[in-house]
Amino acid sequence: MEKEIKQLKKDLEQAIAKVNDVKSLNDLRVHYLGKKGKITGLKEMLKELSVEDKKTAGKLFNDFRQEATDLIEEKEINLKRKALDEQLITEKIDPTLGATEIKTGSIHPLDRTIKEVLDLFVSMGYDVVTGPEIESDEYNFARLNLPKDHPARDMQDSLYVATDYLLRTQTSPTQVRTMEENKAKGPIRMIAPGKVYRKDDDDATHSHQFMQIEALVVDENINLGHLKGTLELMVQTLFGKERKIRFRPSYFPFTEPSLEVDVSCFRCDGEGCSFCKESGWLEILGAGMVHPAVLEMSGYDKEKYSGFAFGLGVERLAMLKYGINDIRQFYQNHLHFLELFERIDKEGHK
Ligand code: FA5
């Protein structure tokens, strides 16, 4: 047994010396110490020895097996250390390399515009409210002083989803809903942003789906001067003092008197160009004093209360603010277009 152990030890030491990688070392471990390995095989010899000899040979066998295990482990540690040293030399980190740019999204220009308007009105004490996009005929028209056969219904081509339900054509139903909810409490100052839908043909300034912001103030002694002052403040805050605005008499069944507000064209500065259809102006909103019939239908005493309201087109506002000449760009969502606004808001137009 002693002779065999000596020979195996010599073989093992030579084999270990030749091994250069962990995988070959594992193969070697199996070859010597595995179930059918050469060292394990020595155990068979023990069975044939007398009890006395078995004791000495057994110890020799166990010591050798331990020694072989230690030798292989030591080699494994050395191999791994060597591999790590080599890796550290080849995989050098260059701290002077530029960092990879992380792309972040940006806020959509329509959301930016809505936020700017809401910030202004919230700072003046208005509450922000919302209403349903699928609206009943009752709220979208009838309660706004447009009964079923009223000719002014044709002013807004509607998309009905059921007999008495449609995609709202305007945010004005939020006026009625808010008045109904607050009639027992008294005065109202509300601002309501949201999407609206019409069977309009799409062109540079019209979209079949667009956004409006509705505003409503109801209190005692509210007059046209309050409406005019509020609109002037809003336009100046958004466009600066140099931008010209004009008020035009108009007609809406739910306001009396009614008016529309135009802002001078950003492209020709009021001179007239193809974008503003040679008029020099772009219409941004409709407005007026709340019609007494609407106040009454919503539960407000028309003798005690009066109010003003307006509904502005968010896309038109954003077009004027950012100098965009086609409304369809807001909905095409090309990345290079969307990325412009972050920069414009930070650095201004260049
Ligand atoms: C209305 O929708 C009224 N509800 C506004 C109102 C509210 C009047 C409260 C009085 C009191 P009008 O249809 O004019 O009005 O639309 C209002 C604004 O929405 C327009 O001035 C314009 O800026 C915008 N707008 C209208 N149609 C389109 C369209 N197809 N695409 C984009 N913007 C539009």
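Observations concerning the overall build of the protein
Turning to step 1, where the next piece is worked out: A count of helical and extended segments in the protein gives 13 helices and 10 strands.
Turning to step 2, where the next piece is worked out: Here the C-alpha radius of gyration of the protein, 42 Å, is well above what a compact globule of 350 residues would show, namely 20 Å.
Turning to step 3, where the next piece is worked out: Viewed in the frame of its principal axes, the protein has a C-alpha envelope of about 125 × 45 × 35 Å.
Turning to step 4, where the next piece is worked out: Expressed as a percentage of the 350 residues in the protein, the buried residues total 42%.
Turning to step 5, where the next piece is worked out: Pairs at least 24 residues apart make up 68% of the contacts formed inside the protein by residues separated by at least 6 positions.
Turning to step 6, where the next piece is worked out: By element, 52% of the accessible surface of the protein is carried by carbon and sulfur atoms, the whole surface being about 20200 Å².
Turning to step 7, where the next piece is worked out: In the protein, which carries 51 positive and 60 negative side-chain charges, the distance between the mean positions of the two groups comes to 8 Å.

Quick look at the layout of surface pockets
Turning to step 1, where the next piece is worked out: Volume-wise, the largest pocket comes out at about 760 Å³.
Turning to step 2, where the next piece is worked out: Around the largest pocket sit 39 residues that line it, and Arg198, Gln212, Glu260, Glu283 and Arg316 are the ones nearest its centre.
Turning to step 3, where the next piece is worked out: Going through the elements one at a time, strand S6 (209-219), strand S7 (245-252), strand S8 (255-264), strand S9 (281-290), strand S10 (306-313) and helix H11 (314-322) are the ones with two or more residues in the lining of the largest pocket.
Turning to step 4, where the next piece is worked out: Looking at the lining of the largest pocket residue by residue, the classes come out as 16 nonpolar, 15 polar and 8 charged.

As for the site of the ligand
Turning to step 1, where the next piece is worked out: Around the ligand lies a shell of 27 residues, among which Gln170, Ser172, Arg198, Asp200 and Glu283 are the nearest.
Turning to step 2, where the next piece is worked out: Ile284 places a polar main-chain atom, nitrogen or oxygen, 3.0 Å from an oxygen atom of the ligand.
Turning to step 3, where the next piece is worked out: In isolation the ligand offers 670 Å² of accessible surface; the protein chains occlude 96% of this area.
Turning to step 4, where the next piece is worked out: Counting atoms within 2 Å of the grid points, the majority share of the ligand lands in the largest pocket.

Digging into H11
Turning to step 1, where the next piece is worked out: Burial analysis of H11 places 9 of its 9 residues in the buried class, the great majority of the element.
Turning to step 2, where the next piece is worked out: Turning to H11, its buried residues are Val314, Glu315, Arg316, Leu317, Ala318, Met319, Leu320, Lys321 and Tyr322.
Turning to step 3, where the next piece is worked out: In the segment just after H11, Gly323 is the residue with positive phi, at about 70°.

Remarks on the state of the cysteines
Turning to step 1, where the next piece is worked out: By the definition in use, this model includes 0 disulfides.
Turning to step 2, where the next piece is worked out: In this structure Cys268 is not part of a disulfide, and its nearest cysteine sulfur, from Cys276, lies 3.7 Å away.
Turning to step 3, where the next piece is worked out: You can call Cys268 buried: its relative accessible area is 12%.
Turning to step 4, where the next piece is worked out: Residue Cys276 is classed as buried on the basis of its relative accessible area of 5%.

The rules we used
- All chains use their own residue numbering, which begins from 1 and follows the written sequence.
- Note on the predicted model: pLDDT of at least 70 is required for a residue's local features to be given, and 80 or more for side-chain atom pairs to be given and counted; whole-chain, interface and lining totals, by contrast, use all residues.
- Note that water and hydrogens are dropped before the side-chain values are worked out from all heavy atoms of the structure.
- By the criteria applied, helices consist of DSSP H or I runs no shorter than four residues and strands consist of E runs no shorter than two, each listed in order from the N terminus.
- Here the globule rule reads 2.2 Å times residues to the power 0.38, and the radius of gyration is calculated from C-alpha atoms.
- Note on classification: 1.4 Å probe, protein chains only; a residue is buried when its accessible area is under 20% of the maximum for its type, exposed when over 50%, partly exposed between these limits.
- Pairs of residues are marked as contacts when any of their non-hydrogen atoms sit within 4.5 Å.
- Only the protein chains shown count as cover for residues, and the accessible areas themselves come from Shrake-Rupley with a 1.4 Å probe.
- Here Asp and Glu are counted as negative and Lys and Arg as positive; His is not counted, and neither are the chain ends.
- Every charge is mapped to an atom, namely NZ of Lys, CZ of Arg, CG of Asp or CD of Glu.
- Here a cavity denotes grid points, spaced 1 Å and computed from the protein atoms alone, that fit a 1.4 Å probe unable to get out, and a pocket denotes an open set having protein on both sides within 12 Å along at least 5 of 7 lines; residues with an atom within 4 Å of a point are the lining.
- Grid points are joined across faces, edges and corners, and a volume is the space filled by probe spheres set on the points.
- For this classification, the nonpolar set comprises Ala, Val, Leu, Ile, Met, Phe, Trp, Tyr, Cys and Pro, the charged set comprises Asp, Glu, Lys and Arg, and every other residue, Gly included, is treated as polar.
- We define proximity as follows: a residue is near a molecule or strand when any one of its heavy atoms falls within 4 Å of that partner.
- Polar contacts here mean pairs of N or O atoms no more than 3.5 Å apart (in protein, one a potential hydrogen donor and the other a potential acceptor; neighbouring residues in sequence count only if both atoms are side-chain atoms).
- In this description, a molecule resides in a pocket or cavity if more than half of its atoms sit within 2 Å of the grid points defining it.
- Counting rule for disulfides: a pair of cysteine sulfur atoms within 2.5 Å.

These figures capture arrangement, not role.
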